[in-house]
Amino acid sequence: ITTTEAELTLLSPGVAAGHISCGTYFSGVSAAGSGDFVSALRKFSSGRSPANMCAEAAYVATHVLARALNSSERFDARSVVSAANRVEFLAPQGGVHLDARNNHCYLWCRIARTTPNNDFELLYESDGPSAPDPYMIEAGTSHESALADR
């Protein structure tokens, strides 16, 4: 089960302490685009919505689509998808881009543990975005060994 900062705000402090969560983004990530995203989300939601991986995913999808529409010569689906496959975006999680073979994003992998204060402590962060594997063709080949030492 993936838990985000949004769920943690609903829990009493310490209830989820020690819970492990895996995702592309946690609000404490220090990637270049993270600070602007957190500030914009705070302003947009009047501080009611914490930055989390679900909000970040919507932000990434919106920016990729906007950039694809802006660079596409035509607005039919094939042209926009082709343009989206050329978009490179400095997302809050770090740089992302689409894989033209399956139209899914290369995303960062992070694993974090919930603290008694309902924050996340980052345990693992990939060195770069991982290739998408939406159909589990290459499952089990990428990040297992990185956690074996922890």
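Note: the structure precedes this text.
Numbering of residues starts from 1 in every chain and runs along the sequence as written. Per-residue local features are limited, in this predicted model, to residues with pLDDT of at least 70; the limit for side-chain atom pairs, both in listing and counting, is 80 or more; totals at the level of whole chains, interfaces and linings are taken over all residues. Hydrogens and water are ignored here; the side-chain numbers use all heavy atoms of the structure.

Engineer: What should I look at first to understand the packing of aromatic side chains in this one?
Structural biologist: The description of an aromatic ring pair rests on the distance of the ring centres and on the angle between the ring planes. When two rings of Phe, Tyr or Trp (its six-membered ring) have centres within 6.5 Å they constitute a pair, described as stacked for plane angles under 30 degrees, edge-to-face for angles over 60, and tilted for the intermediate range. Inspection of the entire model under this criterion finds 4 aromatic pairs. Relative to Tyr 59, the ring of Phe 37 has its centre 4.9 Å away and its plane inclined at 55°; by these criteria the two rings are tilted. With Phe 37 in helix 2 (residues 34–44) and Tyr 59 in helix 3 (residues 53–71), this pair connects stretches of sequence that are 22 residues apart. Accessible area is worked out with a 1.4 Å probe on protein chains only. A residue is then buried under 20% of its type maximum, exposed over 50%, and partly exposed in between. Of the residues examined, Phe 37 reaches a relative accessible area of 3% and is grouped as buried. The exposure class of Tyr 59 is partly exposed, given its relative accessible area of 25%. With 6.2 Å between their ring centres and 45° between their planes, Tyr 59 and Phe 89 make a pair best called tilted. You can see Tyr 59 sitting in helix 3 and its partner Phe 89 sitting in strand 2 (residues 88–91), a full 30 residues away along the chain. What makes Phe 89 buried here is its relative accessible area of 6%. Helical segments are the DSSP runs of H or I of at least four residues, strand segments are the runs of E of at least two, and each set is numbered from the N terminus.

Engineer: Help me understand helix 2, please; the structure alone is not making it clear to me.
Structural biologist: Since there are 3.6 residues in each turn of an α-helix, residues three or four apart along the chain are aligned in direction. Every buried residue belonging to helix 2 is among Ser 34, Phe 37, Val 38 and Leu 41, and all of these are buried. Along the long axis of helix 2, the arc covered by the buried residues comes to 95°, so they all point the same way. What points out from helix 2, more than 90 degrees from its buried face, is the exposed set Asp 36 and Lys 43. Whether two residues are in contact is decided by their heavy atoms, any of which lying within 4.5 Å being enough. The inward-facing, buried residues of helix 2 contact helix 3. Remark: Ser 46 follows helix 2 within two positions and exhibits a positive phi of approximately 55°. What the arc covers is the set of directions going from the helix axis to the C-beta atoms.

Engineer: What is the right way to look at the pattern of salt bridges in this model?
Structural biologist: Salt bridges, as used here, are contacts in which a Lys or Arg side-chain nitrogen is within 4 Å of a carboxyl oxygen on Asp or Glu. Tallied over the full model, the rule gives 4 salt bridges. Residue Asp 76 pairs with Arg 74 through a salt bridge whose shortest N-O separation is 3.3 Å. Across the salt bridge formed by Asp 99 and Arg 101, the nearest N and O atoms sit 2.6 Å from each other. Of the residues examined, Asp 99 reaches a relative accessible area of 5% and is grouped as buried.

Engineer: Explanation requested: the nonpolar core in the structure shown.
Structural biologist: Within soluble globular proteins, side chains that are nonpolar tend to cluster in buried spots. We call a set of buried Ala, Val, Leu, Ile, Met, Phe, Trp, Tyr and Cys residues a nonpolar core when their side-chain atoms join them within 4.5 Å. The biggest cluster of nonpolar side chains holds 14 residues, and the ones touching the most others in it are Tyr 25, Phe 26, Phe 37 and Ala 51. Element by element, the count of residues in this core is highest for helix 2, at 3 residues. The contact partners of Phe 37, leaving out residues within four places of it in the chain, are Tyr 25, Ala 51, Asn 52, Ala 55, Glu 56, Tyr 59 and Pro 92. Membership of the second largest hydrophobic core comes to 12 residues, among which are Ala 84, Phe 89, Ala 91 and Val 96.

Engineer: When you look at the sheet that holds strand 6 (residues 120–125) in this model, what are you seeing that I'm missing?
Structural biologist: Backbone-to-backbone hydrogen bonds join strands into a sheet, with any given pair of strands oriented parallel or antiparallel. What the 3 strands build is an open sheet, ordered 1-5-6; its pairing is antiparallel. The open sheet terminates on both sides in strands that have one partner only, identified here as strand 1 (20–23) and strand 6. Across the sheet, the mean angle separating the axes of adjacent strands is 30° when strand polarity is ignored. Where strand 1 and strand 5 (residues 110–114) come together, 4 bridges link them in antiparallel fashion. Note on strand 5: the bridge partner recorded for Cys 22 is Ile 111. Two strands qualify as a pair provided DSSP detects at least 2 bridges between them. Every axis in this analysis is a line fitted to C-alpha atoms, fitted for helices over the stretch in contact. Angles between the N-to-C directions lie between 0 and 180 degrees.

Engineer: In this structure, what is going on with the pairing of strand 3 (residues 94–99)? I would like to understand it.
Structural biologist: One face of the sheet, then the other: side chains in a regular strand alternate in exactly this way. Pairing analysis gives 4 bridges linking strand 2 to strand 3, with the strands arranged antiparallel. From the neighbouring strand, Glu 88 faces strand 3, where its bridge partner is His 97. Where strand 2 folds back on strand 3, the antiparallel hairpin that results is connected by 2 residues. Pairing of strand 3 with strand 4 (residues 104–106) involves 3 bridges; the strand directions are antiparallel. Across the sheet, residue Leu 98 finds its bridge partner in strand 4, namely Cys 105.

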